[in-house]
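Spelled out from the first residue to the last, the chains are:
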Amino acid sequence: MLNTRLSVLTRVVPRRTAHTSAVDACMLKTLSNMAISMRDRGQLEQSQSLFRQVVDGRREANGPSHPETLYAIGCLAALSKMRGHYSEAEDLARQALDGARQLLGDYHPDTLELQTGLADVLKDRGKLAEAEKVAREAVERSQCSLGTGHPDTLLPLSNLGQACSPSLPQDNMLPIP
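Residues numbered from 1 in each chain as written. Predicted model: local features only at pLDDT ≥ 70, side-chain atom pairs only at ≥ 80, totals over all residues. Heavy atoms only, no water.

Draft legend 1. Spatial organisation of the packing of aromatic side chains. Counting across every chain of the model gives zero aromatic pairs. The aromatic ring of Tyr 107 is capped on one face by Arg 141, whose charged end is 5.6 Å from the ring centroid. (Phe/Tyr/Trp six-rings, centres within 6.5 Å; stacked < 30°, edge-to-face > 60°. Lys NZ or Arg CZ within 6 Å of the ring centre and 35° of its normal.)

If you want it as structure tokens, here you go:
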């Protein structure tokens with residue numbers, strides 16, 4: 001099914017590009033779907049190139065602080081992390097998180113998802129103390145806004161467990177719901 005989906009998208013994108021502007025919303029969605037398909041196939045470099053086009057198109061069409069732009073930046077950050085480009089991933093994750101905080105607030109589920117992504121990047125960069133701080137904040141905010149049993153609270157909680165350095169006393173840990 002993935003091969004069929006990618007094959008169809010590969011044929012559709014050049015045709016749509018010839019008939020639409022670069023910032024056409026449907027075209028950007030198509031590019032995003034194609035980038036996701038390529039990512040799922042392990043074609044990370046091609047996927048990252050397409051996500052860059054999506055981010056640029058979203059910025060042009062919607063502005064730098066639109067939720068769709070911020071989501072695209074978050075996707076590009078995650079892909080950069082997957083490719084081992086941790087510095088770029090951190091910069092993009094911070095950019096997306098800062099924009100989401102300004103637009104949606106600190107307790108919005110999209111903001112919390114981006115915060116969890118930043119914590120994950122920081123952990124992979126070896127910035128464990130900062131990763132723990134960011135992850136702990138995401139857990140506390142998720143528990144406050146979504147509840148302790150909500151599925152979207154469990155991912156930040158898991159990331160917190162992974163980010164905690166072994167030297168921390170266990171009494172500083174948040175209780176698991």
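Once the structure has been displayed, the description carries forward.
Draft legend 2. Local environment of the environment of Ala 96. You can see Ala 96 is positioned in helix α5 (residues 86–104). When the C-alpha positions of Ala 96 and Leu 114 are compared, they lie 6.9 Å apart, and in sequence the two are 18 residues distant. Those residues in contact with Ala 96 that sit more than four places away from it in its chain are Leu 70, Ile 73, Gly 74 and Leu 114. (Helix = DSSP H or I, 4+ residues; strand = E, 2+ residues; numbered from the N terminus. Contact = heavy atoms within 4.5 Å.)

Draft legend 3. Summary view of helix α6 (residues 109–124). Over its 16 residues, α6 extends 23 Å from the first C-alpha to the last, a length consistent with the 22 Å expected when each residue adds 1.5 Å. Positioned one or two residues after α6, Gly 126 has a phi angle of 85 degrees, which is positive. (Expected span 1.5 Å × (residues − 1).)

Draft legend 4. Broad picture of the pattern of salt bridges. For the structure shown, the criterion picks out 16 salt bridges. One salt bridge in this structure joins Arg 94 and Glu 130, with 2.5 Å as the shortest N-O distance. Of the two residues, Arg 94 is situated in helix α5 and Glu 130 in helix α7 (residues 128–146); the sequence distance between them amounts to 36 residues. Residue Arg 94 is classed as partly exposed on the basis of its relative accessible area of 27%. Among the residues examined, Glu 130 registers a relative accessible area of 30% and is labelled partly exposed. The partner of Arg 101 in a salt bridge is Glu 137, and the shortest N-O contact between them spans 2.8 Å. You can see Arg 101 sitting in helix α5 and its partner Glu 137 sitting in helix α7, a full 36 residues away along the chain. Note on Arg 101: relative accessible area 27%, which makes it partly exposed. Taking the relative accessible area as the measure of exposure, Glu 137 reaches 23% and is therefore partly exposed. (Salt bridge = Lys/Arg side-chain N within 4 Å of Asp/Glu carboxyl O. Buried < 20%, exposed > 50% of the residue type's maximum accessible area, 1.4 Å probe, protein only.)

Draft legend 5. Here's a closer look at the packing of helix α4 (residues 67–82) against α5. Orientation of α4 relative to α5, taken along the N-to-C sense of each, is 155 degrees, at an axis distance of 8 Å. By the angle class used here, α4 and α5 are roughly antiparallel. For the element pair α4 and α5, the recorded crossing hand is left-handed. Contact with α4, carried on its side by Pro 67, Leu 70, Ile 73, Gly 74, Leu 76, Ala 77, Ser 80 and Lys 81, involves Tyr 86, Glu 88, Ala 89, Leu 92, Ala 93, Gln 95, Ala 96, Gly 99, Ala 100 and Leu 103 of α5 and no other residues of that element. (Axes fitted to C-alpha atoms, helices over the stretch in contact; angles between N-to-C directions. Parallel < 35°, antiparallel > 145°, perpendicular 65-115°, else oblique. Left-handed = near helix turned anticlockwise from the far one by under 90°.)

Draft legend 6. Representation of the nonpolar core within the structure. Within the largest apolar cluster, 30 residues are counted, with the highest numbers of intra-cluster contacts made by Leu 50, Phe 51 and Leu 118. Put simply, the parts of the chain that give this core at least two residues each are α2 (25–40), α3 (44–62), α4, α5, α6 and α7. Per-element tally for this core: the top contributor is α4, with seven residues. The contact partners of Phe 51, leaving out residues within four places of it in the chain, are Ser 32, Ala 35, Ile 36, Cys 75, Leu 76 and Leu 79. (Core = buried A, V, L, I, M, F, W, Y, C linked by side-chain atoms within 4.5 Å.)

Draft legend 7. View of α7. For α7, which comprises 19 residues, the first-to-last C-alpha distance of 26 Å matches the rise-based estimate of 27 Å (1.5 Å per residue) to within 8%. Those residues of α7 lying buried are Ala 131, Glu 132, Val 134, Ala 135, Arg 136, Ala 138, Val 139, Arg 141, Ser 142 and Gln 143. Two residues or fewer after α7 comes Gly 147, characterised by a positive phi angle close to 100 degrees.

Draft legend 8. Representation of the side chain of Ser 80. Its location among the elements puts Ser 80 in helix α4. Ser 80 gets classed as buried once you look at its relative accessible area, which sits at 0%. Apart from the residues within four sequence positions on either side, Ser 80 is in contact with Gln 48, His 85, Glu 88, Ala 89 and Leu 92.

Draft legend 9. View of the packing of α2 against α3. Two elements in contact, α2 and α3, have axes separated by 8 Å at closest approach and are oriented at 160 degrees. If you check the angle between α2 and α3, you find them roughly antiparallel. Judged by the twist between their axes, the crossing of α2 over α3 is left-handed. Note on element contacts: α3 touches α2 through Leu 44, Gln 46, Ser 47, Leu 50, Phe 51, Gln 53, Val 54, Gly 57, Arg 58 and Ala 61, opposite Ala 25, Leu 28, Lys 29, Leu 31, Ser 32, Met 34, Ala 35, Ile 36, Met 38 and Arg 39.

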